[in-house]
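# Observations on chain architecture
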Amino acid sequence: MNDILFYLVKKLLMIIPVLLGITIAAFILGIISPSDPAAVLLNMDGVSTPSAQEIANKRHEMGLDRPLIVQYLSWLLQILHGDLGISYITQRPIWDELMLRLPVTISLASCTLLLVIVTAIPLGVFMAYKNNSRSDFVLRTAALIFTSVPAFWLAILFMWIFSEELHLLPTSGYGTLAHLIMPSVALGAGTIGILMRLQRAALLEVLEQHFILTAKAKGMPFPMIIWKHGLLNSLIPVITLLGNYFGAIISGSAVIESIFSLPGLGSYVLEAIRGRDYPAIQGYVIFTGLVFVLFNLLVDISYLLLNPKIRLGGK
Amino acid sequence: MCNIKQLPVIYKIAACILMLMVSSAIFAPIIAPYDPNQVLPDETLQSCSGAHLLGTDALGRDVFSRILYGARVSISFAVAAALCTMILGVTLGMISGYFGGIIDTIIQLLVNIFQGLPGMSMMIAIAGVMGPSTISLLFAVTLTSWAGFSRIVRGEVLKIREENYIEGVRSLGASDFYILVHYILPNIFNSLIILFTVRIGTIVLSIASLSFLGLGMQPPEADWGAMINDAKIYFRSYPNLLLAPGLCILALCASINLIGDALRDLFSIEQDRNKQYL
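In this text, all values refer to a predicted model and were calculated from it rather than measured experimentally.

The extent of an interface is frequently quoted as the accessible surface area lost upon association of the parts. Contacts between the two partners involve 47 residues from chain B, matched on the other side by 50 residues from chain A. Arg 197 of chain A is the salt-bridge partner of Asp 261 of chain B, the closest N and O atoms lying 3.3 Å from each other. Between chain B and chain A we count five residue pairs in polar contact (both at pLDDT 80 or more) in total. Counting only elements with at least two residues in the side of chain B that touches chain A, the list comes to helix H4 (101-115), helix H5 (119-130), helix H8 (176-212), helix H9 (224-231) and helix H10 (239-267) of chain B. Within the side of chain B that touches chain A, the residues separate by chemical class into 29 nonpolar, twelve polar and six charged.

This brings us to unusual backbone geometry. Residue and element names in this part refer to chain A. Phi at Asn 132 takes a positive value of approximately 65 degrees, unusual for a residue other than glycine. Mapped onto the elements of the fold, Asn 132 is located in the loop between helix H5 (94-129) and helix H6 (134-148). Residue Asn 132 is classed as exposed on the basis of its relative accessible area of 60%.

Position of Thr 147 of chain A relative to the elements: it lies in helix H6. A relative accessible area of 12% places Thr 147 of chain A in the buried class.

For any pair of aromatic rings, the description rests on two quantities: the centre-to-centre distance and the angle between the ring planes. If you walk through the whole model with that rule in mind, you get eleven aromatic pairs over all chains. Ring centres 5.2 Å apart and planes at 75 degrees place the aromatic pair Trp 95 of chain A and Phe 287 of chain A in the edge-to-face group. Of the two residues, Trp 95 of chain A is situated in helix H5 and Phe 287 of chain A in helix H12 (residues 278-306); the sequence distance between them amounts to 192 residues. When its relative accessible area of 4% is taken as the criterion, Phe 287 of chain A is described as buried. For the pair Phe 152 of chain A and Phe 212 of chain B, a centre-to-centre distance of 4.5 Å together with 25 degrees between the ring planes defines the contact as stacked. Of this pair, Phe 152 of chain A sits in helix H7 (residues 151-165) while Phe 212 of chain B sits in helix H8, which puts the two residues in different chains. Here Phe 152 of chain A matches Phe 212 of chain B in class, with each residue buried. Taken together through their ring pairs, the aromatic side chains of Phe 27, Tyr 72 and Trp 75 of chain A make up a single cluster.

How each quantity is defined
Residues numbered from 1 in each chain as written. Chains lettered and ligands numbered in written order. Predicted model: local features only at pLDDT ≥ 70, side-chain atom pairs only at ≥ 80, totals over all residues. Heavy atoms only, no water. Contact = heavy atoms within 4.5 Å. Salt bridge = Lys/Arg side-chain N within 4 Å of Asp/Glu carboxyl O. Polar contact = N/O pair within 3.5 Å; in protein donor to acceptor, adjacent residues only side chain to side chain. Helix = DSSP H or I, 4+ residues; strand = E, 2+ residues; numbered from the N terminus. Nonpolar A, V, L, I, M, F, W, Y, C, P; charged D, E, K, R; others polar. Buried < 20%, exposed > 50% of the residue type's maximum accessible area, 1.4 Å probe, protein only. Phe/Tyr/Trp six-rings, centres within 6.5 Å; stacked < 30°, edge-to-face > 60°.

Written out as structure tokens, the structure reads:
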């Protein structure tokens, strides 16, 4: 029990520097951005051009003339209170706008993740089961193509085939599950390819172990060996990397959202970039970073369920 | 160690495709029948013909020539970005693995932070804030991908550091820098070549996505990602505009991934061949 607690506390403590790193990265983005928040704020009515003196006063009022480290800390404090500033374009709180968009990206990402897990893992197991056969070769070719194809190109091909030609699926918009099918497949393709290959390799490695030989010697049928002894052992390296690949899914969603006009975080940041809305870009970095970190924490916790070595105290 | 001649045919095919692409990128000015940015107002949106092998786009630019120049842009940029990533990642990874201690802790903390950031999101944000230019792209790619490199290099260095011959050279009075450059670097060279190759493929894909979003290579520069973006309005009537650049990216990345596997075979980096694609 103590070991589990120790493991969890260690994982939680390791998150802190990463979270700080994300905020520092977002803060630096704000500094290198070629805009002065004071001037933008004074210009918001769009009528008058502020004088240099007015801007300087406003800068002092907003604390922009303080040392960077002080500015960072007060900015960090604001973020901890859920305040990311006001969007230059819509003039509404960025935090609220991002919260509005977050469910879209989360549902797209979870759909994609689910799709990746339910296709790549069984396919990988099947490839290991049929190792070096014709179907193994075909699936390995498929995995190679999935990892090498650009997601946005695949998305357009899907739109062409399934929406324009076959009229099966809606081209764009958000609301029903049907709207998420094509985006999820396009977004997940790369990860499916990598994970298929990984699952196959992991299972083949497990199948070389001595306890598998014992099971074979007992006369246990091969599919049963894979199911009872192979699968669970091979899942550990796969789940480790699933955490990493979730980063690819969450950040790749920007391209996919823009193609399928899904109103998520990704299309938000692209609008923000077009409108030079720098605080909104900072908000996007913090939000996607946060989602990524939280997901990795979930993966670490799921380890406890899978890996007895950690439960038994092997750090 | 496996002989080049013993490699499966599929690797040789991949090598041929890659060589074809690289040489057409290098010799693009000689091969290309038209200037990639030459606008022919009378010949817009033509389908494939003898005059225009892959047709022309909405502005009347020759697609075949643009594909060739696109290869030039993609490959040269990806190689440059992978080099920058490798130099930063290898330097930090070697220092962190070789010296250990507080330096190692600090670099590992940085690695953890950078790996905790979703890469493509950061690239989009950096390119968005700095404005799209080759320099900001290079910066974005290097910053988001050095950490993985350095983590692997550190692992390799940790293994080699304890070898007897390193101890031997050190007792002969070799400086740390000399050991790093003359003994450690050559030992991790094979792994580096493989990492470098595979990284090029990843970078080609990310740059294509960024260009597709309008944050990568800027027009009128011929770029495959940007060409797909231009083609997305016309794809039903003019599929050549969409298919040609997409298939090129696919072929380039697939052959790079296969070459990565082949190199792994050649250098016997991983004894088991389970992780190979084909």
